[in-house]
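Coordinates in review
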Amino acid sequence: METTLGRRTRILAATTATAGLVLVAGCSSDDNGGGTKTAAGGVEVVKAGQLTTCTHLPYPPFQSEIDGKVQGFDVSLIDLVAKDLGVKQDIVDQPFENFKTGGSLNAGQCDLAAAGMTITDERKKNVDFSDPYFEATQAVLVDKKSGITSFAQLKGKKVGAQAQTTGEDYAKSKGLDPVSFESSDAVLNGLRTGQVEAVVIDYPVVQGWLKDKANAAAFDVAEQINTGEQYGFSVKKGNTKLVAAINKALADAKADGTYKKLYEQWIGPYDEAAASPSAS
């Protein structure tokens, strides 16, 4: 969510919920009977036997609850990291602000954040990022009856965006006053019910929406905007071992075809340019 890279900035009002994802069974050592928890490769984790991931739900296709389990592109990639570390992934749902600022990472609530998060210089002050794993663009999604065919035509229109995201930031930077919605689901509902005539949001999210035939029949992508955003996974500043483990899992997945398979499963037709962003 941002090149300002962080498009997915969420809202502070939300309840914290946890959803466990059992991946590959494995054990990590718990040194000194409850002291430092250590996974494979000497990576310290906040809970023994787990790689705890903070996210903000829902944000399909990156993470959302499907059939009672949190699933998505980000989830699948971090599953690979957990497997390498010999632990299971456990997902904690909380307001985006909590981990964007590094707060929940510093407090030991999670080891990393995976939330379709754009890498930005501002965020780098508070957290360390993995290598970029996804090149994102913003999209203008409109009701087919609106007559809107470009971003330039949004002036004077009712426009929606997800609160505290790069999509909202971009709209504001161009002089618009978007209606803020708490979640991506609320953004789509706002468009569906006529609260807004168009929305500005990450294109992969729109791709997920348009997989639904009813949405595809009702809405059109008026324009894609390349804002230079790249997604990354974030960790507590100075956690170099976990960053290295994430980067290794990403590189291995791209080399052996796993990344491409997951991309096609969750995002759509494989776009090598979007899938292999250069590190910034």
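Everything numeric in this text was worked out from a predicted model, so none of it was measured.

1. Comments concerning the overall build of the chain
Regarding its fold elements, the chain presents 11 helices and 16 strands. Taken over 280 residues, the chain has a buried fraction of 52%. Long-range pairs, those at least 24 residues apart, make up 75% of the contacts in the chain with a sequence separation of at least 6. If you sum the accessible surface of the chain, you get close to 11,800 Å²; carbon and sulfur atoms cover 48% of it.

2. Some points on the confidence of the model for the chain
Per-residue pLDDT for the chain averages 85, and the proportion of residues at 70 or more is 84%. Between residues 2-35, whose pLDDT stays under 50, and residues either more than four places distant or in other chains, the model counts 152 contacts.

3. Here we look at the packing of helix α1 (residues 73-85) against helix α10 (residues 258-266)
Any two packed helices are characterised by how steeply their axes cross, that is the angle between the axes, and by the distance between the axes. Close contact between α1 and α10 brings their axes to 9 Å; oriented N to C, the two are set at 155 degrees. When the axes of α1 and α10 are compared, the pair comes out roughly antiparallel. In this structure, α1 crosses over α10, and the sense of that crossing is right-handed. Contacts from F73, S76, L77 and L80 in α1 reach T258, Y259, L262, Y263 and W266 in α10.

4. Structural notes on the pairing of strand β12 (residues 159-162)
Residues V159 and A161 point to one face of β12 and G160 and Q162 to the other, with burial holding for every one of them. Of the strand pairs in this sheet, β12 and strand β13 (residues 179-181) are connected by three bridges, and their pairing is parallel. By the bridge assignment for β13, A161 is matched with S180. In this fold, the crossover linking β12 to β13 by way of helix α5 (residues 166-173) has right-handed handedness.

5. Overview of the sheet that holds strand β11 (residues 134-143)
Strand order across the open sheet formed by five strands is β13-β12-β14-β11-β15, with mixed pairing between neighbours. Pairing within the sheet leaves two strands with one partner each, and these edge strands are β13 and β15 (219-231). Taken over all neighbouring pairs, the strand axes of this sheet differ in orientation by 25 degrees on average, direction set aside.

Thresholds applied
- Residues numbered from 1 in each chain as written.
- Predicted model: local features only at pLDDT ≥ 70, side-chain atom pairs only at ≥ 80, totals over all residues.
- Heavy atoms only, no water.
- Helix = DSSP H or I, 4+ residues; strand = E, 2+ residues; numbered from the N terminus.
- Buried < 20%, exposed > 50% of the residue type's maximum accessible area, 1.4 Å probe, protein only.
- Contact = heavy atoms within 4.5 Å.
- Areas by Shrake-Rupley, 256 points an atom, 1.4 Å probe, with all protein chains shown as cover.
- pLDDT = per-residue confidence, 0-100.
- Axes fitted to C-alpha atoms, helices over the stretch in contact; angles between N-to-C directions.
- Parallel < 35°, antiparallel > 145°, perpendicular 65-115°, else oblique.
- Left-handed = near helix turned anticlockwise from the far one by under 90°.
- Pairing = 2+ DSSP bridges.
- Right-handed = clockwise from strand over helix to strand, strands pointing away.

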